[in-house]
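These are the residues of each chain, in order.
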Amino acid sequence: MKHIAILGSSGSIGTQALEVVELHPDKFCVEVLTVNSNAELLIQQAKKFKPNAVVIVDETKYQFVKDALQHDLIKVYTGESALEQIVQMDSIDIILTALVGYVGLKPTIAAIKAKKNIALANKETLVVAGKLVTQLAQENGVNIYPVDSEHSAIFQCLAGEWNNKIEKIYLTASGGPFLGKDISYLETVKKEQALKHPNWTMGAKITIDSATLMNKGLEVIEAKWLFVLTPEQIDVIVHPQSIIHSIVQFEDGSMKAQMGLPDMKLPIQYALGFPERLKSDFPRFDFLKNPQLTFLKPDMSTFRNLALAYEAMRICGNMPCVINAANEVAVDAFLKDKISFLNITDVIEKCLEKIFLIQNPTLSDYIETNSETRKMALEMVSNLKS
Ligand code: MN
C-alpha cells in the first residue's frame, strides 16, 4: 500500500489522480491533500478519501475548511509555508506535485530534502531550477517519476535500458488548436479558441501553453534534466493524433515508442504504481479505426516560443527561469484579456533580452530572477493593449 500526498488536488491532474486511487484501493491510500483556494472541493475530497491532513493555502478559507472537517479527525493547515512542512510527514511514501507553475518549486525541494519520492506533474519546477533539483534528488536518493505524458513515455521506453546510451529522443507535440495557422490568423485569436485543445483535457495554463507551443518548450527543458541530455539530443516532432507519446532512439539505431490513447490517468498511474503496471479498463487504441498516424516539423517561426525555449536551454543558467516567469505572467494576462495571443511571445522575448544572465545560479538567485522577471513582465503587460 502506497501512502500518497497530492499537492494541488483540485486541479486537472489532482482530480484524475484521485480517480486512479479510487480504481486501486488495494494499492493506494491518500495521506495528504492540498489545494490553493478551492475549499468546497477539498472538503468533498477529504470526506471521501479520509486523508490524515489537508492544506488550504488560502488563509481566508481556513476556518470554513476546519469547521467542515471537525468531526472527521483530519488535521487542517493553512498558508504557503504549510506545504513545505506537510511534505515532510513520516507516513508519506510518494508525493504527486500537481501544482501549476513556479509555486511548485519550494514544496518540491522540501519534499526531496525529506527523502520523499516525487511523481512530478509540475514541470515548471525542473524548468526553473532543473540542475539544483536533480542534484538534490541524487544526493538524497530520491526518485523523480515523470507524470508529463511525453516524459512518462520516455521513462517507459527506458525500462530495462538503464545502461544503454540514448542517442536522441523525440518529444511528440499535438500542435495544439492552431496547428497550421499563420501569423495573420493568430493576431486575432481569443482565449476561447486557445482553450479548445484537440486531444487533451487539461488546466487553463497548460492549454494556453500548448496553443503557443511553450508547453513543448518547457518539456524540452524538463527532458534535458530528467534524462541528462544535451540540447542537440532533444527533438520535437508534431504528431497531431497524440497516439505516440514520445520516442527514444538508441545508439544501434533502434527506436522505442510508447503509445496509447491520450489519457492522463495512464501516466499518473504509471508514476504512482512504478515499477508495477496496474490493470486498467481505460479505452484501448485501435489501429484499424485510426490507420493514419502523421508527423510534421514544428513551425518555430510562427510559434516562436519553442525556439525561445531552445535558446534559453542552450544558454542555460537562469534563462529557463526567466522564460518560465515571463510566460506565467503573460499567459495570465492573456487569460484576463489584457494582451493578445502574439503578445505572449513578445513579453517572453523582451525579458530574455533584458534580464542579466547568471551562469551558475543558487536557489536565492532563482528566487530573485523569478521576481525580477515577473516585475518586468507585469510592466510590459500594463503597457500593452489587447
Ligand atoms: Mn506533456
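Residues numbered from 1 in each chain as written. Predicted model: local features only at pLDDT ≥ 70, side-chain atom pairs only at ≥ 80, totals over all residues. Heavy atoms only, no water.

When you go through the protein residue by residue, the secondary structure sums to 16 helices and eleven strands. In terms of overall dimensions, the protein is globule-like: its C-alpha atoms have a radius of gyration of 20 Å, near the 21 Å expected for 386 residues. Overall, the protein is about 60 × 50 × 40 Å in size when its C-alpha atoms are taken along their principal axes. Per-residue burial for the protein yields a buried fraction of 56% across its 386 residues. Pairs at least 24 residues apart make up 68% of the contacts formed inside the protein by residues separated by at least 6 positions. For the protein, the computed accessible surface area is about 17200 Å², with 52% contributed by carbon and sulfur atoms. (Helix = DSSP H or I, 4+ residues; strand = E, 2+ residues; numbered from the N terminus. Rg over C-alpha atoms; globule rule 2.2 N^0.38 Å. Buried < 20%, exposed > 50% of the residue type's maximum accessible area, 1.4 Å probe, protein only. Contact = heavy atoms within 4.5 Å. Areas by Shrake-Rupley, 256 points an atom, 1.4 Å probe, with all protein chains shown as cover.)

Glancing now at the packing of aromatic side chains. Inspection of every chain in the model, using the stated rule, returns ten aromatic pairs. When the ring of Phe178 is compared with that of Phe341, the centres are 5.2 Å apart and the planes differ by 90°; the resulting orientation is edge-to-face. Remark: Phe341 occurs in helix H15 (residues 341-354) and Phe178 occurs in the loop between strand E8 (166-173) and helix H8 (183-186); sequence separation between them is 163 residues. There is no split in this pair, since Phe178 and Phe341 are both buried. Joined through ring pairs, the aromatic side chains of Tyr145, Phe155, Trp162, Tyr270 and Phe274 make up one cluster. Across the ring face of Trp225, the terminal group of Lys224 is positioned such that the distance to the ring centre comes to 4.7 Å. (Phe/Tyr/Trp six-rings, centres within 6.5 Å; stacked < 30°, edge-to-face > 60°. Lys NZ or Arg CZ within 6 Å of the ring centre and 35° of its normal.)

The next subject is the domain arrangement of the protein. Annotation of the protein at the domain level lists domain 1 (2-146) and domain 2 (316-386). On a C-alpha basis, the centroid separation for the pair domain 1 and domain 2 is 27 Å. Contact with domain 1, which involves eleven residues of that partner, is made by eleven residues of domain 2. In total, about 890 Å² of surface goes out of reach between domain 1 and domain 2, with carbon and sulfur atoms giving 65% of it. Sorting the residues of domain 1 by area buried against domain 2 places Tyr102, Val127 and Val128 first, and these three jointly supply 53% of that buried surface. (Domains from an automatic or database assignment. Buried area = accessible area lost by both parts, 1.4 Å probe.)

As a further point, take helix H11 (residues 214-227). Relative to the 20 Å expected for 14 residues at 1.5 Å per residue, H11 spans 20 Å between its end C-alpha atoms, a close match to the ideal helical length. Counting buried positions along H11 yields 14 of 14 residues, so the element is predominantly enclosed. Just downstream of H11, Val228 is the residue with a positive phi angle, here 50°. (Expected span 1.5 Å × (residues − 1).)

What follows deals with the pairing of strand E5 (residues 94-97). Burial of the side chains of E5 extends over both faces: Ile94 and Leu96 are buried on one face and Ile95 and Thr97 on the other. The pairing of E5 with strand E6 (residues 117-120) spans four bridges and is parallel. Residue pairing for E6: Thr97 is matched across the bridge by Leu120. Once you follow E5 into helix H5 (residues 105-113) and on to E6, the crossover reads as right-handed. (Pairing = 2+ DSSP bridges. Right-handed = clockwise from strand over helix to strand, strands pointing away.)

Moving on, we come to the packing of helix H6 (residues 123-139) against helix H14 (residues 319-335). Relative orientation of the contacting elements H6 and H14 amounts to 135°, with a least axis distance of 7 Å. Classified by the interaxial angle, the pair formed by H6 and H14 is oblique. Together, Glu124, Val127 and Val128 of H6 and Pro320, Cys321, Asn324 and Glu328 of H14 make up the contact between the two elements. Classifying every residue of the contact of H6 with H14 by side-chain character gives four nonpolar, one polar and two charged. (Axes fitted to C-alpha atoms, helices over the stretch in contact; angles between N-to-C directions. Parallel < 35°, antiparallel > 145°, perpendicular 65-115°, else oblique. Nonpolar A, V, L, I, M, F, W, Y, C, P; charged D, E, K, R; others polar.)

Take the sheet that holds strand E3 (residues 53-56) next. Pairing is parallel in the open sheet, where seven strands are placed in the order E4-E3-E2-E1-E5-E6-E7. Both outer strands of the open sheet, strand E4 (75-78) and strand E7 (144-146), are each paired with one neighbouring strand and no more. In this sheet, neighbouring strand axes are inclined to one another by 20° on average, regardless of whether the strands run parallel or antiparallel. Pairing of E3 with E4, which is carried by four bridges, proceeds in the parallel orientation. Bridge pairing links Val55 to Tyr77 in E4. Set on the sheet, H5 makes contact with strand E1 (2-7), E5 and E6; between it and E6 the angle comes to about 150°.

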